[in-house]
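# Report on the structure
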Amino acid sequence: MYEICQGGIFVLKITTQPEIFAALYTSGNLVAMAGTCFLWGPCAQCKKMWDSERWLATTIYLVSMAITLVCAFVVPPPWNVLAVIGALIFQFCALVWYSASFIPCGRKILKKIVAGIFSCCTGS
């Protein structure tokens with residue numbers, strides 16, 4: 001229970017210290033990516049990341065990490081909080097798309113899920 005409360009307080013730090021939050025969030029994603037290097041090996045991971053059907057998702061994911069850090073450290077306060085939140089949402093979406101590229105038919109399934117959500121919200 002203590003850890004959950006502590007995690008909740010850390011998320012609230014995004015409003016007071018967005019630089020620290022963005023740096024830790026982005027480094028966490030880099031560690032997760034390095035974890036797959038441990039499973040597959042670095043050479044196989046790089047080959048899979050820059051595969052012809054996956055290179056765009058990889059590029060967008062890496063660029064989203066850079067955008068998050070730029071928003072945190074370059075955009076002046078108080079606008080950096082909103083910029084970091086937007087960049088974190090973009091980074092999360094890029095992570096989902098990148099991860100779906102490793103699942104057979106993952107992107108097709110993800111497209112159908114998103115289309116279903118939007119059609120439900122628009123009422124068509």
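Residues numbered from 1 in each chain as written. Predicted model: local features only at pLDDT ≥ 70, side-chain atom pairs only at ≥ 80, totals over all residues. Heavy atoms only, no water.

## Concerning the overall build of the protein
In terms of regular secondary structure, the protein is built from six helices and zero strands. Counting helices and strands in the order they occur from the N terminus, the protein gives α-α-α-α-α-α. Out of the 124 residues in the protein, the part that is buried amounts to 25%. Put simply, of all contacts in the protein between residues at least 6 apart along the chain, 61% involve residues at least 24 apart. When the accessible surface of the protein is totalled, it reaches about 8300 Å², and 78% of it is carbon and sulfur. (Helix = DSSP H or I, 4+ residues; strand = E, 2+ residues; numbered from the N terminus. Buried < 20%, exposed > 50% of the residue type's maximum accessible area, 1.4 Å probe, protein only. Contact = heavy atoms within 4.5 Å. Areas by Shrake-Rupley, 256 points an atom, 1.4 Å probe, with all protein chains shown as cover.)

## As for unusual backbone geometry
The omega torsion across Pro77 and Pro78 is 0°, close enough to zero to call that bond cis. Tracing the backbone through its elements, the reader meets Pro78 in the loop between α4 (55-73) and α5 (79-100). In the Ramachandran plot, Cys105 falls in the positive-phi region, its phi being about 60° despite a non-glycine side chain. Relative to the helices and strands, Cys105 is located in the loop between α5 and α6 (106-122). Taking relative accessible area as the criterion, Cys105 reaches 51% and is therefore assigned exposed.

## Some words on the packing of aromatic side chains
Enumeration over the complete set of coordinates arrives at four aromatic pairs. Taken together, a centroid distance of 6.3 Å and an interplanar angle of 15° make the contact between Phe21 and Tyr25 stacked. Taken as a pair, Phe21 and Tyr25 lie in helix α2 (residues 18-40) at a separation of four residues, close to a single helical turn. When the ring of Tyr98 is compared with that of Phe102, the centres are 5.1 Å apart and the planes differ by 80°; the resulting orientation is edge-to-face. (Phe/Tyr/Trp six-rings, centres within 6.5 Å; stacked < 30°, edge-to-face > 60°.)

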